[in-house]
Amino acid sequence: MSQNLLQPFRQPTAKIIGKVIDENGVPLGEAEVTIDFLIGQENGWGTRDLTHKGLTGNDGTFTTSEQSGGTAVLSAIKIGCYKTVTDYYTFNKKNGGRWEPWNPTVEMVLKPIV
């Protein structure tokens, strides 16, 4: 029996909110957000990304969830602004089948291109 070594093994689910704001703290709607959940491989060799993309609403937020190894990277971009990428966001602990804190908000500040 052959095994696909690139398959992730089942890990807890993480839920996260990416919030995009300008330099004055004003929420930015229609910014493109990418959230990459890092997930370990079943064979123990490295990680891969499970990517979610979407646009922020008028409140500047985009929410998503996915199984995760406990780490996510967020980025945002909008026409007329420089792209921003967060450091790794690491969840604190596993609680049953999900990561805690559940549904944290990670802010990203977009600066205008001048």
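Quick caveat, the model's predicted, so the values are computed rather than measured. (Residues numbered from 1 in each chain as written. Predicted model: local features only at pLDDT ≥ 70, side-chain atom pairs only at ≥ 80, totals over all residues. Heavy atoms only, no water.)

(A) Inspection of the overall build of the chain at higher detail. When its secondary structure is counted, the chain shows zero helices and ten strands. Each helix and strand of the chain, placed in order from N terminus to C terminus, yields the pattern β-β-β-β-β-β-β-β-β-β. Looking at the chain as a whole, 43% of its 114 residues are labelled buried. Of the contacts made within the chain by residues no fewer than 6 positions apart, 66% connect residues no fewer than 24 positions apart. Surface summary for the chain: the accessible area is close to 6,900 Å², and the carbon and sulfur share equals 49%. (Helix = DSSP H or I, 4+ residues; strand = E, 2+ residues; numbered from the N terminus. Buried < 20%, exposed > 50% of the residue type's maximum accessible area, 1.4 Å probe, protein only. Contact = heavy atoms within 4.5 Å. Areas by Shrake-Rupley, 256 points an atom, 1.4 Å probe, with all protein chains shown as cover.)

(B) Representation of the pattern of salt bridges in the model. Tallying each qualifying case throughout the model produces one salt bridge. The partner of E100 in a salt bridge is R98, with the nearest N and O atoms 3.2 Å apart. E100 gets classed as buried once you look at its relative accessible area, which sits at 14%. By relative accessible area, R98 is classed as partly exposed at 32%. (Salt bridge = Lys/Arg side-chain N within 4 Å of Asp/Glu carboxyl O.)

(C) Spotlight on the environment of L74. Looking at where L74 falls in the secondary structure, it is placed in strand β5 (residues 71–77). Among the residues examined, L74 registers a relative accessible area of 0% and is labelled buried. Separated by 23 residues in the primary sequence, L74 and T51 have C-alpha atoms spaced 9.8 Å apart.

(D) Fine view of the pairing of strand β10 (residues 105–109). What you see with β10 is a clean split: V106 and M108 sit on the buried side and T105, E107 and V109 on the side with no burial. Sheet topology places strand β1 (residues 13–21) next to β10; five bridges connect them, and they run parallel. Each bridged residue has a counterpart across the sheet, and for V20 the counterpart in β10 is M108. (Pairing = 2+ DSSP bridges.)

(E) Examining the side chain of Q11 more closely. When you line up the elements, Q11 lands in the segment before β1. Taking relative accessible area as the criterion, Q11 reaches 10% and is therefore assigned buried. Polar contacts involving the side chain of Q11 include one to the main-chain amide nitrogen of G69, which spans 2.9 Å. If we ignore the near neighbours within four places in the chain, the residues touching Q11 are I39, G40, Q67, S68 and G69. (Polar contact = N/O pair within 3.5 Å; in protein donor to acceptor, adjacent residues only side chain to side chain.)

(F) Here's a closer look at the nonpolar core. Formed by 21 residues in total, the largest nonpolar core has its most connected members in I16, V20, V33, I35, F37 and L110. The set of elements that each furnish at least two residues to this core consists of β1, β2 (32–40), β5 and β10. In terms of residues, this core owes the most to one element, β2, which gives four residues. Sequence-distant contacts of I16, defined by excluding residues within four places in its chain, comprise I35, F37, F62, T63, T64, A72, L74, Y89, F91, N103, P104 and V106. (Core = buried A, V, L, I, M, F, W, Y, C linked by side-chain atoms within 4.5 Å.)

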